[in-house]
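Overview (structure and organization)
In case you want the letters, here they are:
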Amino acid sequence: MYLRGNYWHYDFFIGKKRHRGTTGFRANEKRKAAMMVDLLKAKLREEFVWTKILHRQPPKEYAEQPLDADMIWSYFIRLSDTGAAEHRQKIYRARLRDFCSYIRDFHPETTLLSEVTNIHAQKYRVHLKNRTMSSSTANDHLAALKMIFKLLAGTGKIASNPFAGIKRFSADKVKREIFSSGELRTILNKSSGWMHHLFIMAAYTGLREGDICMLKKSEIDGDIRWITIEKTRKTGAKADIPILAPLKKHLQSVLRQKNSSEYVCPELAELYCNSPKKISRDVKKFLHDIGIIGTSQQVEGYCHRVSVKDIHSLRHTFIYLAAKANIPLPVIQSVVGHATEEMTRYYTEHARREDKLRFMDLILENMPEFEQPNGKPSQKSPQ
């Protein structure tokens with residue numbers, strides 16, 4: 001990809017055929033241009049493969065296929081039934097590309113898919129840890145690759161799964177801290193725009209950042225009494241959440257704007273899709289600016305400080321306040337969605353909506369009052 005005048009252009013070969021032209025994106029839109037080129041390459045590669053099949057050209061043995069991330073992904077996505085959401089598929093593909101880049105940089109003699117062995121997988125595990133990423137992120141890399149290579153092995157395209165038996169890293173010993181009542185009040189009073197929406201949603205629902213950012217209007221009932229997400233983005237668990245009075249007032253104000261987007265907060269949805277790191281950076285800066293300190297700490301083995309107070313801390317805060325109000329654990333779990341499928345099924349079968357309404361109201365007794373955008377204190381009882 002290169003600049004010609006004020007626009008990004010592309011020039012590459014697929015199957016000995018040259019493809020070149022303009023992306024249509026200007027010089028300051030490099031990220032969008034790169035995404036467009038990646039999608040174009042993937043589409044053209046897939047068309048090239050299927051053209052060969054339709055013309056019944058004898059394909060090479062898969063064992064002779066180069067270790068090319070895009071070709072492997074194209075094959076995987078056609079045969080897999082992961083059911084993963086689109087954003088998770090993007091993550092899986094990025095993990096595959098990272099591994100292929102590692103092989104190319106550190107084991108240049110390994111050029112074919114069939115040449116990848118368990119030794120390479122073990123060395124890649126060490127490589128991940130040396131990059132000082134968190135254990136959960138490193139485990140996510142390994143899990144994605146294990147899933148992809150398992151499918152290749154299961155369909156006879158490679159002899160065995162090189163990531164079979166690769167050990168996961170021990171869980172990080174860094175726990176997020178909850179926000180105090182005073183900190184919550186300060187956050188809700190001083191935040192505005194998409195950040196206020198993110199904070200108030202997290203404080204009154206316990207939802208994860210991605211589920212808040214991508215919340216659709218159709219997931220809020222007509223009376224603005226319930227939020228129902230059939231499949232949360234991280235675990236796939238169902239979340240069925242009563243809307244408490246302060247949140248209802250906020251949502252009424254947001255929905256009155258009647259924008260054409262399917263999302264409750266279009267600005268936040270766009271940020272989450274295109275610049276998720278900007279959300280984290282802006283949140284950290286905001287917390288620092290309003291005097292909330294100790295949001296990160298230095299942890300042995302990490303070159304960067306680790307976040308301990310952020311948006312996800314509000315999920316912990318929500319659960320803490322619910323427990324403090326003596327809300328039964330099954331009700332809490334059925335509201336926030338449990339990470340384990342078996343436990344999710346157990347909890348949601350034993351928690352009725354009447355239980356949730358009765359017990360969720362108790363959370364308001366521990367929530368601090370804060371100023372609504374119109375300057376009036378939040379209500380203490382649900383409407």
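Cut-offs applied
Residues numbered from 1 in each chain as written. Predicted model: local features only at pLDDT ≥ 70, side-chain atom pairs only at ≥ 80, totals over all residues. Heavy atoms only, no water. Helix = DSSP H or I, 4+ residues; strand = E, 2+ residues; numbered from the N terminus. Buried < 20%, exposed > 50% of the residue type's maximum accessible area, 1.4 Å probe, protein only. Contact = heavy atoms within 4.5 Å. Salt bridge = Lys/Arg side-chain N within 4 Å of Asp/Glu carboxyl O. Pairing = 2+ DSSP bridges. Axes fitted to C-alpha atoms, helices over the stretch in contact; angles between N-to-C directions. Core = buried A, V, L, I, M, F, W, Y, C linked by side-chain atoms within 4.5 Å. Phe/Tyr/Trp six-rings, centres within 6.5 Å; stacked < 30°, edge-to-face > 60°. Parallel < 35°, antiparallel > 145°, perpendicular 65-115°, else oblique. Nonpolar A, V, L, I, M, F, W, Y, C, P; charged D, E, K, R; others polar. pLDDT = per-residue confidence, 0-100. Polar contact = N/O pair within 3.5 Å; in protein donor to acceptor, adjacent residues only side chain to side chain. Expected span 1.5 Å × (residues − 1).

Description of the overall build of the protein
- Secondary structure assignment for the protein yields 15 helices and 7 strands.
- Considering the protein as a whole, with its 383 residues, one finds that 43% of them fall into the buried category.
- For the protein, contacts bridging at least 24 residues in sequence account for 62% of all contacts bridging at least 6.

Quick look at the side chain of H141
- Tracing the backbone through its elements, the reader meets H141 in helix α5 (residues 135–154).
- Judged by relative accessible area, H141 falls into the buried class, the value being 5%.
- Setting aside chain neighbours within four positions, we find H141 in contact with R95, D98, Y124, L128 and M133.

Focus: the pattern of salt bridges
- Across all of its chains, the model carries 10 salt bridges by this definition.
- Ionic pairing is found between D140 and R95, a salt bridge with its closest N-O pair at 2.8 Å. Note that D140 is positioned in helix α5 and R95 in helix α3 (residues 86–106), a separation of 45 residues in sequence.
- Using a relative accessible area of 19% as the deciding quantity, one classes D140 as buried.
- Among the ionic pairs, D282 bridges to K278, the shortest N-O distance being 2.9 Å. One end of the pair is D282 and the other is K278, both in helix α11 (residues 276–289) and 4 residues apart, which spans about a single turn.

A closer look at the sheet that holds strand β2 (residues 7–14)
- With antiparallel pairing, 3 strands are arranged side by side in an open sheet as β1-β2-β3. The sheet is open, and its two borders are formed by β1 (2–4) and β3 (17–26), each paired with just one other strand. The average undirected angle you get between the axes of adjacent strands in this sheet is 35°.

As for the pairing of β2
- Across 3 bridges, the pairing between β1 and β2 is antiparallel. The residue of β2 that forms the bridge with L3 is W8.
- Counting the residues in the hairpin turn of β1 and β2 gives 2 residues, including G5, whose phi is positive at 70°.
- Where β2 folds back onto β3 in an antiparallel hairpin, the turn is made up of 2 residues, including G15, whose phi is positive at roughly 60°.

Section: the nonpolar core
- Membership of the largest hydrophobic core comes to 53 residues, with the highest contact counts inside it found for L198, F199, Y204, I227, I279 and L287.
- The element best represented in this core is helix α7 (residues 193–205), accounting for 9 residues.
- Excluding residues within four positions of it along the chain, L287 makes contact with F179, I187, F199, I292, T295 and K309.
- With 30 residues, the next largest nonpolar core counts L128, M133, A144 and F169 among its residues.

Observations concerning the pairing of β3
- For β2 and β3, the ladder comprises 7 bridges, and the chain directions are antiparallel. Pairing of F12 across the sheet is with H19, part of β3.

Overview of the packing of aromatic side chains
- Enumeration over the complete set of coordinates arrives at 11 aromatic pairs.
- Seen from their ring centres, F99 and F163 are 5.2 Å apart, and the 70° between their planes marks the pair as edge-to-face. With a gap of 64 residues between them, F99 in helix α3 and F163 in the loop between α5 and α6 (181–190) connect regions that are remote in the sequence.
- Exposure remark for F163: the relative accessible area of 1% places this residue in the buried category.

Examining the packing of helix α2 (residues 69–79) against α5
- For the pair α2 and α5, the least separation of the axes is 10 Å and the interaxial angle reads 75°. Judged on the interaxial angle alone, α5 and α2 are roughly perpendicular. In this structure, α2 uses I72, W73, Y75, F76 and L79 to contact α5, whose residues at the interface are M147, I148, L151 and L152.
- A class-by-class count of the residues in the contact of α2 with α5 yields 9 nonpolar, no polar and no charged.

Quick look at the packing of α7 against helix α10 (residues 266–274)
- As a packed pair, α7 and α10 sit with axes 9 Å apart at the nearest point and diverge in direction by 85°. What the angle tells us is that α7 and α10 run roughly perpendicular. Within the contact between the two elements, α7 uses W194, H197 and L198 and α10 uses E267, L268 and L271.
- The class makeup of the residues in the contact of α7 with α10 is 4 nonpolar, 1 polar and 1 charged.

Looking at the confidence of the model for the protein
- Summary statistics for the protein give a mean pLDDT of 80 and a share of 78% for residues scoring 70 or more.
- The model gives residues 53–63 a pLDDT under 50, and that stretch makes 9 contacts with residues more than four places away or in other chains.
- Within the model, pLDDT remains below 50 along residues 339–350, and this stretch shows 13 contacts once partners closer than five positions in the same chain are excluded.

Thoughts on the environment of D221
- Tracing the backbone through its elements, the reader meets D221 in the loop between α8 (209–213) and β4 (226–229).
- It is 10.0 Å that separates the C-alpha atoms of D221 and I243, two residues lying 22 residues apart in sequence.
- There is a polar contact of 2.7 Å between the side chain of D221 and the backbone nitrogen of R225.

A short note on the side chain of H127
- The residue H127 is located in helix α4 (residues 118–130) in this model.
- The contact partners of H127, leaving out residues within four places of it in the chain, are Y102 and F106.

Details of α7
- For α7, which comprises 13 residues, the first-to-last C-alpha distance of 18 Å matches the rise-based estimate of 18 Å (1.5 Å per residue) to within 8%.
- Most of α7 is tucked away: 12 of the 13 residues are buried.
- Buried within α7 we find W194, M195, H196, H197, L198, F199, I200, M201, A202, A203, Y204 and T205.
- Among the residues trailing α7, G206 stands out with phi positive, at a value near 75°.

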